[in-house]
Amino acid sequence: MKFPVFRSSLVAMASLLPLSLLALIIFLTLYSWPAIQYNQFHFLWANDWDLGNLYGNPVMVHGFQVMPHARYGIWFLIVGTVVSSFIAMVLALPLAIGAAVFLSEGMRKSWAAPLSLFVDLLASIPSVVYGLWGYAVLVPLLGQHVYPAMAHALFFVPFFGGEPGSGYGLLTASLVLTIMIVPLISATLRESINMTDPALKEAGRSLGFSRLEVFWHVVLPKLRTVVIGVSILALGRALGETMAVLMVSGNALNYLPNNIYTPISTMAAFIASQLDSALQDPTNMAVQALSEIALVLLLIAVVVNIIARLILWMARVR
């Protein structure tokens, strides 16, 4: 009699996470439903976010009570979120894999242990600390010295030429995200490399491979699932990062980046920055529109995870 009870308890506990996700999606959908009906699909590809005249009297538009001249469009937020996270992943993956290989294979164990602890501690630093460091150190350094030189030297490369800006922008936000997610990827990969069967490594060395070749041809293919899984976790953190991005991105409104230095805004950062103003809307439509942004962000994360699962499934089939 105890086994069915134990099994039922395990099933109930395992069901909490997917049920929590489903409950969150349902809540956001129901709460933002008036905004979804009012904005329709125009909400996704318009660059015209405007809370309207918050000091005026509410008006009726298409059967909904909103503030005068209020408009809600978030295409610039989708672009800023996806592009900054993509750049961060492109920069972070080689760095994280290299750090994991160096700590597990390229140095003495007596030195690797304290350095590995240091990398693990980097993963636990609060994001607001990264944001403050980026605001106080990274933005002035990049804006005054690095970006002008990059724009001058790479003027012929699309998206790298043009006005270098003040240091706030797409590349700065991506660099901060990169620094935040590299420890997460590196720590997981390092543990997986250390758990790889030593016989596989010795077999590769017996064929004349160097350490790097053993890792590339023997170890890394075995870690494909781990790499994809931890990359999705890191991408999820990059997509949902709020305070660090808010402090270095420039918080742009209603325009798309024309080069890599242009100020942007992401969905998570925008919700945090606009919530106080949205609460001044007596019709509550602004807050519901922000909830719709949160719903879109959550759905993007779910779609990314589904794509990752499909990639893993296709890899197993092959």
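All figures in this text were calculated on a predicted structure; none of them were measured in a lab.

Student: So what's going on with the overall build of the protein? Which residues, and what values?
Tutor: For the protein, the helix and strand inventory stands at 13 helices and two strands. For the protein, the proportion of its 318 residues judged to be buried stands at 41%. Put simply, of all contacts in the protein between residues at least 6 apart along the chain, 76% involve residues at least 24 apart. When the accessible area of the protein is evaluated, it comes to approximately 17,600 Å², of which 71% is carbon and sulfur surface. Charged side chains of the protein number 15 positive and 13 negative; the gap between the two group centres comes to 17 Å.

Student: Pulling in residues and values, what's your account of the side chain of S32?
Tutor: Here S32 is to be found in the loop between α1 (2–31) and α2 (33–39). Residue classification places S32 among the buried residues on the basis of a relative accessible area of 0%. Apart from the residues within four sequence positions on either side, S32 is in contact with Q288, S291, E292 and L295.

Student: So what's going on with the packing of helix α6 (residues 127–153) against helix α7 (residues 170–194)? Which residues, and what values?
Tutor: The interhelical angle for the contact between α6 and α7, taken along N-to-C directions, is 130°, at an axis separation of 9 Å. Our classification of the angle between α6 and α7 gives oblique. For the element pair α6 and α7, the recorded crossing hand is right-handed. Residues S127, Y130, W133, L138, V139, L142, Y147 and M150 of α6 form the contact with α7, whose own contacting residues are L171, T172, L175, V176, I179 and M180. In the contact of α6 with α7, the residues fall into twelve nonpolar, two polar and no charged.

Student: Now, about a nonpolar patch on the surface: what can you tell me, with residues and values included?
Tutor: Together, L19, L22, I26 and L30 give the surface a local cluster of nonpolar side chains, amounting to about 410 Å² of exposed area. In this fold, L22 is placed in helix α1. The partly exposed category is assigned to L22, whose relative accessible area is 46%.

Student: Give me the lowdown on the pattern of salt bridges, citing residues and values where you can.
Tutor: Applying the stated criterion to the full structure yields three salt bridges. Among the ionic pairs, R71 bridges to D50, the shortest N-O distance being 3.5 Å. A residue pair is termed long-range when its members are at least 10 positions apart, and R71 in the loop between β2 (64–66) and α4 (75–105) and D50 in the loop between α3 (42–45) and β1 (59–61) qualify at 21 residues. Residues D120 and R190 are paired through a salt bridge, measuring 3.2 Å at the closest nitrogen-oxygen approach. Of the two residues, D120 is situated in helix α5 (residues 109–123) and R190 in helix α7; the sequence distance between them amounts to 70 residues. We classify D120 as partly exposed; its relative accessible area is 32%. Among the residues examined, R190 registers a relative accessible area of 4% and is labelled buried.

Student: Describe the packing of α4 against α7, listing the residues and the values that go with them.
Tutor: Contact geometry of α4 with α7 gives a least axis separation of 6 Å together with a crossing angle of 35°. For the pair α4 and α7, the crossing hand works out as right-handed.

Student: Can you tell me about helix α9 (residues 211–222), naming the residues and giving the values?
Tutor: With twelve residues, α9 extends 15 Å between its outermost C-alpha atoms, agreeing within 8% with the 16 Å of an ideal straight helix rising 1.5 Å per residue. For α9, the full list of buried residues reads V214, F215, V218, V219 and L220. Those residues of α9 hidden inside the fold are in contact with α4, α7, α8 (198–206) and α10 (224–240).

Student: Just give me the short version of the nonpolar core, but keep the residues and values in it.
Tutor: Judged by nonpolar contacts, the single largest core of 76 residues is most densely connected at W49, Y72, I74, I185, M267 and I293. Take this core: its biggest share by element is twelve residues, from helix α13 (residues 285–317). Once residues within four sequence positions are removed from consideration, M267 is found in contact with L77, I78, T81, I293, V296, L297 and I300.

Student: Describe the environment of L77, and please don't skip the residues or the numbers.
Tutor: Position of L77 relative to the elements: it lies in helix α4. Separated by 174 residues in sequence, L77 and N251 have C-alpha atoms that sit 9.9 Å apart. Excluding residues within four positions of it along the chain, L77 makes contact with S265, T266, M267, F270 and I293.

Student: Break down the packing of aromatic side chains for me, citing the residues and quoting the values.
Tutor: On inspection of all chains with the given rule, the structure shows nine aromatic pairs. A centroid spacing of 5.8 Å and a plane angle of 90° characterise the contact between F76 and F270, whose relative ring orientation is edge-to-face. In this pair, F76 sits in helix α4 while F270 sits in helix α12 (residues 267–278), placing the two residues 194 residues apart along the sequence. Grouping residues by exposure puts F76 and F270 together as buried. In textbook terms, an aromatic cluster arises when at least three aromatic residues are bridged by ring pairs, as seen for Y38, W49, F64, Y72, F76 and F270.

Student: Tell me about the environment of Q37, and please be specific about residues and values.
Tutor: If you trace the backbone, Q37 turns up in helix α2. What makes Q37 partly exposed here is its relative accessible area of 36%. With eleven residues separating them along the chain, Q37 and I26 place their C-alpha atoms 16 Å apart.

About the thresholds
Residues numbered from 1 in each chain as written. Predicted model: local features only at pLDDT ≥ 70, side-chain atom pairs only at ≥ 80, totals over all residues. Heavy atoms only, no water. Helix = DSSP H or I, 4+ residues; strand = E, 2+ residues; numbered from the N terminus. Buried < 20%, exposed > 50% of the residue type's maximum accessible area, 1.4 Å probe, protein only. Contact = heavy atoms within 4.5 Å. Areas by Shrake-Rupley, 256 points an atom, 1.4 Å probe, with all protein chains shown as cover. Lys, Arg positive; Asp, Glu negative; His and termini not counted. Charge placed at Lys NZ, Arg CZ, Asp CG, Glu CD. Axes fitted to C-alpha atoms, helices over the stretch in contact; angles between N-to-C directions. Parallel < 35°, antiparallel > 145°, perpendicular 65-115°, else oblique. Left-handed = near helix turned anticlockwise from the far one by under 90°. Nonpolar A, V, L, I, M, F, W, Y, C, P; charged D, E, K, R; others polar. Patch = residues over 30% accessible without salt bridge, like charges linked within 9 Å, V, L, I, M, F, W, Y side chains within 5 Å. Salt bridge = Lys/Arg side-chain N within 4 Å of Asp/Glu carboxyl O. Expected span 1.5 Å × (residues − 1). Core = buried A, V, L, I, M, F, W, Y, C linked by side-chain atoms within 4.5 Å. Phe/Tyr/Trp six-rings, centres within 6.5 Å; stacked < 30°, edge-to-face > 60°.

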